[in-house]
Amino acid sequence: MSVSTRLMAAASGAAVAALLLSACSGTTKSSNAAANSAAPSGSANANANAASKTGLTVAYLPKQVNNPYFTISDTGGQKVLQGLGETYKEVGTTSATDTAGQANYVNTLIQQQVNAIVVSAQDQNALCTNLKQAMSDKISVVTYDSDTNADCRNLFISQASSEALGRTEVDQLAGQIGGSGQIAILSAAQTATNQNAWIGFMKDELTAKYPNIQLVKIAYGNDDAQTSYQQTQGLLQSYPNLKGIISPTTVGILAAAQYLDGSSYKGKVKLTGLGTPNQLRKYVKDGTITAFELWDPAKLGALAAYAAVALQSGQITGAQGQTFKAGDMGQYTVGASGVVTLGDPTVFNAANIDQYNF
Ligand code: RAM
């Protein structure tokens with residue numbers, strides 16, 4: 001089923017089942033040298049049948065630690081790691097725009113000689129020097145959720161195709177506003193690799209398919225609830241004819257929903273984007289939001305954990321075509337540029353949202 005077909009089905013409320021595409025602080029390690037000895041990340045040779053190592057320390061460094069989305073994703077990673085006999089830890093900044101802070105955390109993890117770093121980058125370039133140092137120290141570097149430049153990590157665990165996410169969000173909103181009028185985007189941080197990739201495809205989709213829709217502004221709420229709320233308010237004040245907002249961030253869409261819900265724009269200005277079902281259920285039920293989408297963050301964190309262990313165990317090195325097992329999630333293949341894709345996102349609406357609990 002094509003992306004546009006899927007979205008038309010979503011807009012009409014029909015064929016919901018067809019949309020449910022399968023997506024669906026620890027301690028410092030003590031035996032780094034032993035754990036690293038047979039698993040040179042980045043080398044050409046992988047042994048898919050090598051035994052998985054135990055006793056590894058895998059550190060998660062999300063964009064920000066106080067964001068419920070990352071609590072879900074990292075808890076997913078923690079469960080996998082504990083089940084495999086590894087040690088999990090999570091560190092990170094409370095702000096999603098503290099790139100210097102994120103780089104400092106990488107340095108600390110290098111000093112602690114963790115075996116792997118799983119990181120959602122606040123900025124595509126800012127961590128590169130530090131992450132390259134980590135890799136040269138034989139620490140496996142797995143980006144998840146938000147990538148760095150490809151040469152700064154071993155693998156990127158991507159939540160879904162960036163192109164599909166960007167285009168489907170535009171198609172969602174276009175269907176809801178009747179294909180014409182002014183729209184805005186409420187994003188996260190201006191440097192966020194993932195949001196910027198999605199926005200690039202949103203622009204493409206608008207140009208290709210919707211000549212009567214004008215993107216009047218991209219606002220940045222920095223994945224901060226208050227800033228996102230104020231930016232939403234500002235959009236409505238500056239553009240009184242605004243028909244809709246796309247917010248491709250769980251923090252942004254929640255803040256925008258809260259603002260719209262308490263305003264005279266509720267139900268009139270359409271809102272879609274990426275959010276968690278538990279945070280947005282109320283707004284779907286009261287008519288503030290018709291439909292939005294997301295992947296299961298816990299599965300994203302879990303897949304990153306399996307990938308980190310596979311790298312450290314020498315089962316993969318990050319080269320295209322290599323495969324690794326991800327427990328009951330099945331087998332995954334490394335794609336071009338070291339990207340492993342989790343799957344297709346799910347579109348949530350009034351008909352299916354109660355089936356999800358995250
Ligand atoms: C926020 C973050 C994260 C993004 C989700 C959709 O929690 O910006 O990086 O993937 O939204």
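Residues numbered from 1 in each chain as written. Predicted model: local features only at pLDDT ≥ 70, side-chain atom pairs only at ≥ 80, totals over all residues.

(A) Summary view of the packing of helix H4 (residues 68–84) against helix H12 (residues 297–312). At a minimum axis separation of 7 Å, H4 and H12 run at an interaxial angle of 40°. On the basis of the axis angle, H4 is oblique to H12. Like other packed secondary-structure pairs, H4 and H12 cross with a definite hand, here right-handed. Within the contact between the two elements, H4 uses Tyr 69, Ile 72, Ser 73, Asp 74, Thr 75, Gly 76, Gly 77, Lys 79, Val 80, Leu 81 and Leu 84 and H12 uses Pro 297, Ala 298, Lys 299, Leu 300, Gly 301, Ala 302, Ala 304, Ala 305, Tyr 306 and Val 309. Grouping the constituent residues of the contact of H4 with H12 by class yields 13 nonpolar, five polar and three charged. (Axes fitted to C-alpha atoms, helices over the stretch in contact; angles between N-to-C directions. Helix = DSSP H or I, 4+ residues; strand = E, 2+ residues; numbered from the N terminus. Parallel < 35°, antiparallel > 145°, perpendicular 65-115°, else oblique. Left-handed = near helix turned anticlockwise from the far one by under 90°. Contact = placed C-beta atoms within 7 Å. Nonpolar A, V, L, I, M, F, W, Y, C, P; charged D, E, K, R; others polar.)

(B) Structural detail: the site of the ligand. Of all residues adjacent to the ligand, which total 14 residues, the nearest are Tyr 69, Ala 188, Thr 249, Thr 250 and Leu 274. In the shell around the ligand, the residues fall into five nonpolar, six polar and three charged. Shared between two domains, the shell around the ligand takes at least three residues from each, and those domains are domain 1 (14–160 + 297–343) and domain 2 (162–294). (Near = placed C-beta within 6 Å. Domains from an automatic or database assignment.)

(C) Summary view of the nonpolar core. Core analysis: the largest hydrophobic core is formed by 97 residues, its most contacted members being Ile 117, Val 118, Ile 157, Leu 303 and Ala 307. Per-element accounting of this core gives the leading share, twelve residues, to H12. Inspection of this core shows a minimum of three residues originating in each of domain 1 (14–160 + 297–343) and domain 2 (162–294). Beyond its immediate sequence surroundings of up to four residues, Ile 117 is in contact with Ala 59, Leu 61, Val 106, Leu 109, Ala 134, Ile 139 and Val 141. (Core = buried A, V, L, I, M, F, W, Y, C linked by C-beta atoms within 7 Å. Buried ≥ 20, exposed ≤ 12 C-beta atoms within 10 Å, placed from the backbone.)

(D) Representation of the sheet that holds strand E1 (residues 57–61) within the structure. Pairing in this open sheet of six strands is parallel, and the strands run E2-E1-E3-E4-E5-E13 from one edge to the other. Every other strand in the sheet has two partners, leaving strand E2 (87–90) and strand E13 (339–341) as the edge strands with one partner each. Each strand of the sheet is rotated relative to its neighbour by a mean of 20°, with strand direction disregarded. Where strand E4 (residues 140–144) and strand E5 (residues 155–158) come together, three bridges link them in parallel fashion. In the strand pairing of E5, Val 142 is matched with Leu 155. Against the sheet, helix H5 (residues 99–111) makes contact with E1 and strand E3 (116–119), and its axis sits at roughly 175° relative to E1, the strand it touches most. (Pairing = 2+ DSSP bridges.)

(E) Expanded view of unusual backbone geometry. The backbone of Gln 113 sits at a positive phi, close to 55°, despite the residue not being glycine. Its place among the elements puts Gln 113 in the loop between H5 and E3. Positive phi, close to 60°, is recorded for Ser 337, a residue that is not glycine. Within the element layout of this structure, Ser 337 appears in the loop between strand E12 (331–333) and E13.

(F) Broad picture of the sheet that holds strand E6 (residues 181–187). Read from one edge to the other, the open sheet built from four strands follows the order E7-E6-E8-E9, with strand pairing classed as parallel. The strands lining the two open edges of the sheet, one partner per strand, are strand E7 (213–220) and strand E9 (270–273). Averaged over all pairs of adjacent strands, the angle between strand axes in this sheet comes to 25°, irrespective of strand direction. Pairing geometry for E6 and E7, over seven bridges, is parallel. Counterpart to Gly 181 in the pairing with E7 is Ile 213. Its contacts with the sheet place helix H9 (residues 225–238) against E6, E7 and strand E8 (242–247), and it is angled at close to 145° to E7.

(G) Layout of H5. Compared with an ideal rise of 1.5 Å per residue, which puts 13 residues at 18 Å, H5 spans 19 Å between its outermost C-alpha atoms and is within 8% of the ideal. By the burial criterion, the buried members of H5 are Gln 102, Tyr 105, Val 106 and Leu 109. Along the long axis of H5, the arc covered by the buried residues comes to 100°, so they all point the same way. Those residues of H5 that are exposed and aimed more than 90 degrees away from the buried face are Ala 100 and Gln 111. Each element contacted by the buried residues of H5 is listed here: E1, E3 and helix H6 (128–136). Positive backbone phi, at 55°, marks Gln 113, one or two positions downstream of H5. (Expected span 1.5 Å × (residues − 1). Arc of directions from axis to C-beta.)

(H) Quick look at the packing of helix H10 (residues 250–261) against helix H11 (residues 277–285). Contact pair H10 / H11: the axes reach a minimum separation of 10 Å and the direction vectors enclose 25°. As far as their axial angle goes, H11 and H10 are roughly parallel. Crossing geometry of H10 relative to H11 is assigned as left-handed. Between H10 and H11, the contacting residues are Thr 250, Ile 253, Leu 254, Ala 257 and Asp 261 on the first element and Gln 279, Leu 280 and Tyr 283 on the second.

(I) Quick look at the confidence of the model for the protein. Averaged over every residue, the pLDDT of the protein is 90; residues scoring 70 or more account for 88%. Contacts of residues 1–42 to residues separated by more than four positions or lying in other chains number 92 contacts, the stretch itself having pLDDT below 50. (pLDDT = per-residue confidence, 0-100.)

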